[in-house]
Amino acid sequence: MSNKQITLTIFNITGLRKQAIDSVISYTTSTDLLFLTETWLISPNKYYTSWTQYHTYGIRSTTENSRGRLGISLMVNPSCPYHVHFLPNTPSPYSLYSLSCIVANTLIHCVYLPPEKISDQFALEVLESLPLHHTETNNTIICGDFNARLGNITGDSIFNPRGRLLQPWISSNSLTLWNKEKAYGQPTFLRHAGSSIIDLYLSTQHINNTTITITDGKSHGSDHKMVHFNFEIDHSTTANAAQQLPQRRRLWKLNKLTDDDQRQQFKESFNFQIAPINRQLIEKLQKITQHTPNNYITTLIDDTTNKFYEVLYNAMDTTLGTTSGGHTVRTNFWTRELQRLADHREFCYQK
C-alpha cells in the first residue's frame, strides 16, 4: 500500500454555536480530521453536519445554563481515506480534557487544557495519563490547546509556568515538537494585547513530509488560529511494528443473564439510563415537520443510535462485567494486503 498524506486541523472554537459548524467546515474541506477544542457542547448534543463526529463532552457551567464549558470534538471528513477508531475515555479525573483515536498506524490524542480552571500541575498530570504507545500503532501524535508558552523553543516571546512544566515532559519522552520544526515563531493565538504559541503538535516518532499551516480564525469569533498538520502515513514501517488490526470486539459475561437477579439488575440499569433519552427523542420527533432539514433528521438518527449503544454498553459494563473471551485471539493471518482491502472497504462505505 502506497504512503498517503493526511491532514489534521486543531481549532479552539470558543463555544461556537452548533448551528454554525458549516462555517468552520467550509474552511477545512481539505482536512481529514478536524479537532475542535473548547466546544462547550453538552451531551447528547451534536453538530448538524454530514461529517462523522465523536465527542468528549463538556460540563454545565450552571444548572440553568444549556451551554457548558470545556469539550473536545473530532469531525471526520467523509473523504478521509482511513477508518477512524474512536477510543472512549475511561472515567477518571482527567477524562474531560482529552479525546483519542487511531488512524492507520497512528494513535492521536487531542487535549484541551484550560488556562485557569485547572492548575498547571494538573495539566501535566493529564498529559502524563495519556498512553504514548499502543499495540496497534507505531507512532503517537499529541495535539491541541495546551495553554503552555515555550519561549524560544517555539519562537514565542516568553515562557509561562505551564510551559516550564511542559518542557521536561517533552524532553523526557523524546517528543518532536512540530511547531518548532515547521512553524517556528508563528503565533496560534492573537489578541490586541499580544500573541502566543499555545496550539501545538507533538509526536513520539519522526514523521516524513510534514508541513504546518496556520490560518486565521477571526471570522469564526475565535482568538485562536486554525493549525493544520499535514504528514505522511508510512505503511512501510507497519510490518516492523505492531500491525494495525481492527478494534477488538467488546465482550461481556452474558452467561450472568441466566440468573434472575442479575438479569433484573441489568434491565433496571438499562431502563433507568434509556428513559431520559427516550423522552428527549419523543420531544424532538414531535417538532419535526415537512420543512425540517434532512441533515437534522440524519443527525438525530445517528445521535439516538450512538446514545442507545452507549447506554447498552454501560449497563452491561456495570452489571455483567467485561471479559477477554475464552479463546486465544488469532491475528497472525492478518496481512498488510488485508489491511489495505479493509481500509478501501471503509473508505467506500463513507462515500
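Above this text sits the structure in question.
Let us look at the structure shown here. Remember, it's a predicted structure, so these values are computed and weren't measured experimentally.

Definitions and limits used
- Residues numbered from 1 in each chain as written.
- Predicted model: local features only at pLDDT ≥ 70, side-chain atom pairs only at ≥ 80, totals over all residues.
- Heavy atoms only, no water.
- Helix = DSSP H or I, 4+ residues; strand = E, 2+ residues; numbered from the N terminus.
- Buried < 20%, exposed > 50% of the residue type's maximum accessible area, 1.4 Å probe, protein only.
- Contact = heavy atoms within 4.5 Å.
- Axes fitted to C-alpha atoms, helices over the stretch in contact; angles between N-to-C directions.
- Parallel < 35°, antiparallel > 145°, perpendicular 65-115°, else oblique.
- Left-handed = near helix turned anticlockwise from the far one by under 90°.
- Nonpolar A, V, L, I, M, F, W, Y, C, P; charged D, E, K, R; others polar.
- Pairing = 2+ DSSP bridges.
- Polar contact = N/O pair within 3.5 Å; in protein donor to acceptor, adjacent residues only side chain to side chain.
- Core = buried A, V, L, I, M, F, W, Y, C linked by side-chain atoms within 4.5 Å.
- Right-handed = clockwise from strand over helix to strand, strands pointing away.
- Phe/Tyr/Trp six-rings, centres within 6.5 Å; stacked < 30°, edge-to-face > 60°.

**Points about the overall build of the protein**
Here is step 1 of the chain: Looking only at helices and strands, one finds seven helices and 16 strands in the protein.
Here is step 2 of the chain: Expressed as a percentage of the 351 residues in the protein, the buried residues total 47%.
Here is step 3 of the chain: Taking the contacts inside the protein whose residues are at least 6 apart along the sequence as the reference set, 70% of them involve residues at least 24 apart.

**Here's the deal with the packing of helix α2 (residues 120–129) against helix α3 (residues 161–172)**
Here is step 1 of the chain: Contact geometry of α2 with α3 gives a least axis separation of 9 Å together with a crossing angle of 30°. Our classification of the angle between α2 and α3 gives roughly parallel. Crossing angle aside, the handedness with which α2 passes α3 is right-handed. Residues D120, Q121, A123, L124, L127 and E128 of α2 lie in contact with α3, whose contacting residues are P161, R162, L165, L166 and W169.
Here is step 2 of the chain: Residue classes in the contact of α2 with α3 are distributed as seven nonpolar, one polar and three charged.

**Quick word on the sheet that holds strand β6 (residues 72–76)**
Here is step 1 of the chain: Spatially, six strands are ordered β3-β6-β2-β1-β16-β15 in an open sheet, and the strand pairing comes out mixed. Sheet topology places β3 (52–56) and β15 (211–215) at the edges, where each strand pairs with a single neighbour. Mean inter-strand twist for the sheet, computed between neighbouring axes without regard to direction, equals 20°.
Here is step 2 of the chain: In this structure, β15 lies alongside strand β16 (residues 226–233), joined through five bridges in antiparallel fashion. Within the sheet, the bridge partner assigned to T211 lies in β16 and is N230.

**Focus on α2**
Here is step 1 of the chain: Of all the residues in α2, the buried ones are F122, A123, L124, V126 and L127.
Here is step 2 of the chain: Structurally, α2 contributes buried residues whose contacts are with β9 (106–112), β10 (139–145) and α3.

**Quick look at the side chain of T106**
Here is step 1 of the chain: When you line up the elements, T106 lands in strand β9.
Here is step 2 of the chain: Separated by 3.2 Å, the side chains of T106 and N105 make a polar contact.
Here is step 3 of the chain: Each residue touching T106, except ones within four places of it in the same chain, is listed here: C101, T137, N139, I141, F231 and I233.

**Concerning the nonpolar core**
Here is step 1 of the chain: With 55 residues, the main nonpolar core has L33, F35, F146 and Y201 as its most contacted residues.
Here is step 2 of the chain: Broken down by element, the residue count for this core peaks at five residues, all from α2.
Here is step 3 of the chain: Other than its neighbours up to four places away in sequence, L33 contacts I6, T7, L8, T9, L74, M75, C80, V84, C101, V103 and I108.
Here is step 4 of the chain: Core analysis: the next-biggest nonpolar cluster, separate from the first, contains 14 residues, L16, I25, W51 and M75 among them.

**Describing the pairing of β10**
Here is step 1 of the chain: Buried residues dominate β10, accounting for seven of its seven residues.
Here is step 2 of the chain: As paired elements, β9 and β10 share seven bridges and run parallel to each other. Counterpart to Y112 in the pairing with β10 is D145.
Here is step 3 of the chain: Note that the unit made of β9, α2 and β10 has a crossover that is right-handed.
Here is step 4 of the chain: Here five bridges tie β10 to strand β14 (residues 199–203), and the two strands are oriented antiparallel to one another. The residue of β14 that forms the bridge with C143 is Y201.

**Quick notes on the sheet that holds strand β11 (residues 176–177)**
Here is step 1 of the chain: Reading across from one edge, β7-β8-β9-β10-β14-β11 is the order of the six strands in this open sheet, with mixed pairing throughout. Every interior strand has two partners, whereas the edge strands, β7 (84–87) and β11, have only one.

**Details of the environment of R60**
Here is step 1 of the chain: Considering the arrangement of structural elements, one finds R60 in strand β4 (residues 59–60).
Here is step 2 of the chain: The class of R60 is partly exposed, set by a relative accessible area of 45%.
Here is step 3 of the chain: Once the C-alpha coordinates of R60 and S43 are considered, the two residues, 17 residues apart in sequence, prove to be 9.8 Å apart.

**Some details on the packing of aromatic side chains**
Here is step 1 of the chain: Evaluation of the coordinates by the stated rule reveals 11 aromatic pairs.
Here is step 2 of the chain: Their ring planes at 25° and their centres at 5.2 Å tell us that W252 and Y313 sit as a pair that is stacked. Highlighted residues: W252 in the loop between β16 and α5 (260–287) and Y313 in helix α6 (residues 294–319), separated in sequence by 61 residues.
Here is step 3 of the chain: Classification of Y313 as partly exposed rests on a relative accessible area of 28%.
Here is step 4 of the chain: For the ring pair F270 and F308, a centre distance of 5.8 Å and an interplane angle of 80° mean the geometry is edge-to-face. Here the residue F270 occupies a position in helix α5, and F308 occupies one in helix α6, the gap between them amounting to 38 residues.
Here is step 5 of the chain: Given the relative accessible area of 36%, F308 is considered partly exposed.
Here is step 6 of the chain: Taken together, W252, F266, F270, F308, Y309 and Y313 form an aromatic cluster joined through their ring pairs.

Just distances and angles here, no functional claims.
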